[in-house]
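Secondary and tertiary structure notes
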Amino acid sequence: DVKVTQSSRYLVKRTGEKVFLECVQDMDHENMFWYRQDPGLGLRLIYFSYDVKMKEKGDIPEGYSVSREKKERFSLILESASTNQTSMYLCASAGTENEKLFFGSGTQLSVL
Amino acid sequence: GEDVEQSLFLSVREGDSSVINCTYTDSSSTYLYWYKQEPGAGLQLLTYIFSNMDMKQDQRLTVLLNKKDKHLSLRIADTQTGDSAIYFCAETNDYKLSFGAGTTVTVRA
């Protein structure tokens, strides 16, 4: 069974903290994505990666960075968390055709 | 996603049909998708349609695509309580997916 695993289901952090969100997939997919989900706004793409050590900005990259050192792992980094980054973060992966995205269960991040 | 629009809420009686509508902007999209998100879970691919098709049927699900109007719909026949979820329409856009805001479907007895 295919699996995208996000390391934390819930996280609470303080303003200014550095935050790491981890995502691992076991499907040998080339493409991985980080989205944030906010009520009424749907999913917005933060960053994506189509290969190891490659990254591309999505629609809302400001305040975020990513790391893809290994094919199966894609990390989202908040260098200095702010309250407007309180959100549900969803990781996804897809094969080369991008026909289907497989999503993790999400990490609900609260920044206080 | 501003490029993909869908209504935010739909309430339907158990046993009736649900129809969720979506409009998109990128006429070059190869695939169009419907994803389902149950409470506390990530998104799950429900069905998708190639852009050269008008209709796709999969058990209780029927997808209709009107390319001229850039309109996509999802019909769920005999709606059940387990169909209560948020449904997202998505289009491919430069090999990325753009999602709508999601339609929350509530099934009432």
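Our structure is the block above this text.
The model shown is predicted, which means the values in this text are computed figures rather than measured ones. (Residues numbered from 1 in each chain as written. Chains lettered and ligands numbered in written order. Predicted model: local features only at pLDDT ≥ 70, side-chain atom pairs only at ≥ 80, totals over all residues. Heavy atoms only, no water.)

**Side note on the overall build of chain A**
Within chain A one finds zero helices and 12 strands. Taken from N to C terminus, the helices and strands of chain A fall in the order β-β-β-β-β-β-β-β-β-β-β-β. In terms of overall size, chain A behaves like a compact globule, its C-alpha atoms giving a radius of gyration of 13 Å where 112 residues would be expected to give roughly 13 Å. Counting the 112 residues in chain A, one finds 49% classified as buried. Summarising the internal contacts of chain A: among those between residues at least 6 apart in sequence, 55% fall at separations of at least 24. Accessible surface for chain A amounts to roughly 5,500 Å². Of this, 48% is attributable to carbon and sulfur atoms. Of the side chains in chain A, 15 bear a positive and 16 a negative charge, and the two mean positions are spaced by 6 Å. (Helix = DSSP H or I, 4+ residues; strand = E, 2+ residues; numbered from the N terminus. Rg over C-alpha atoms; globule rule 2.2 N^0.38 Å. Buried < 20%, exposed > 50% of the residue type's maximum accessible area, 1.4 Å probe, protein only. Contact = heavy atoms within 4.5 Å. Areas by Shrake-Rupley, 256 points an atom, 1.4 Å probe, with all protein chains shown as cover. Lys, Arg positive; Asp, Glu negative; His and termini not counted. Charge placed at Lys NZ, Arg CZ, Asp CG, Glu CD.)

**So, the interface of chain A and chain B**
Between chain A and chain B, the residue contacts involve 17 residues of the former and 18 residues of the latter. When chain A packs against chain B, the two sides together hide about 1,600 Å² of surface, and 55% of this comes from carbon and sulfur. Taken together, chain A and chain B are joined by zero salt bridges. Of all the elements in the fold, those that place two or more residues in the side of chain A that touches chain B are strand E5 (31-38) and strand E6 (42-49) of chain A. When grouped by side-chain class, the residues that make up the side of chain A that touches chain B number eight nonpolar, six polar and three charged. (Buried area = accessible area lost by both parts, 1.4 Å probe. Salt bridge = Lys/Arg side-chain N within 4 Å of Asp/Glu carboxyl O. Nonpolar A, V, L, I, M, F, W, Y, C, P; charged D, E, K, R; others polar.)

**Thoughts on the nonpolar core**
In terms of nonpolar packing, the biggest core is built from 21 residues, with Trp34(A), Ile46(A), Leu76(A), Leu78(A) and Tyr89(A) touching the most fellow members. Counting only elements with at least two residues in this core, the list comes to strand E3 (19-21), E5, E6, strand E9 (73-78), strand E10 (87-94) and strand E12 (107-111) of chain A. For this core, the element with the highest residue contribution is E9(A), accounting for three residues. If near-sequence neighbours (up to four positions away) are discounted, Tyr89(A) is found in contact with Gln6(A), Leu21(A), Trp34(A), Tyr35(A), Arg36(A), Ile46(A), Tyr64(A), Leu76(A), Leu78(A), Gly106(A), Thr107(A) and Leu109(A). Judged by nonpolar contacts, the second largest core, of 20 residues, contains Ala92(A), Leu101(A), Phe103(A) and Tyr35(B). (Core = buried A, V, L, I, M, F, W, Y, C linked by side-chain atoms within 4.5 Å.)

**Here we look at unusual backbone geometry**
We note that Asp28(A) has phi near 60 degrees; this positive angle belongs to a residue other than glycine. Tracing the sequence through the fold places Asp28(A) in the loop between strand E4 (23-25) and E5. Residue classification places Asp28(A) among the exposed residues on the basis of a relative accessible area of 52%. Unlike most non-glycine residues, Asp78(B) shows phi in positive territory, near 50 degrees.

**As for the sheet that holds strand E8 (residues 71-76) of chain B**
Residues and elements named next belong to chain B. With respect to topology, five strands assemble into an open sheet ordered E1-E3-E8-E7-E6, the strand pairing being antiparallel. The sheet terminates laterally at strand E1 (5-6) and strand E6 (55-58), the two strands that pair on one side only. Where E6 and strand E7 (residues 61-66) come together, four bridges link them in antiparallel fashion. Directly across from Lys56, in E7, lies its bridge partner Val63. (Pairing = 2+ DSSP bridges.)

**Focus on the packing of aromatic side chains**
A full pass over the atoms with the stated rule returns 15 aromatic pairs over all chains. On the numbers, 6.4 Å between centres and 85 degrees between planes, the contact of Phe88(B) with Phe99(B) is edge-to-face. With Phe88(B) in strand E9 (residues 85-93) and Phe99(B) in strand E10 (residues 96-99), this pair connects stretches of sequence that are 11 residues apart. No difference in accessibility class separates Phe88(B) from Phe99(B), as the two residues are buried. Through a chain of ring-to-ring contacts, the aromatic side chains of Phe33(A), Tyr35(A), Phe48(A), Phe103(A), Tyr31(B), Tyr33(B), Tyr35(B), Tyr48(B), Phe50(B), Phe88(B) and Phe99(B) assemble into a single cluster. Lying across the ring of Tyr10(A), Arg9(A) places its NZ or CZ 5.3 Å from the centre. (Phe/Tyr/Trp six-rings, centres within 6.5 Å; stacked < 30°, edge-to-face > 60°. Lys NZ or Arg CZ within 6 Å of the ring centre and 35° of its normal.)

**Looking at the pattern of salt bridges**
Residues and elements named next belong to chain A. Across all of its chains, the model carries 10 salt bridges over all chains by this definition. Across the pair Asp38 and Arg36 runs a salt bridge, and its minimum N-O distance is 2.9 Å. Arg36 gets classed as buried once you look at its relative accessible area, which sits at 8%. By sharing partners, the salt bridges in this structure join Asp28, Glu30 and Lys71 into a single network.

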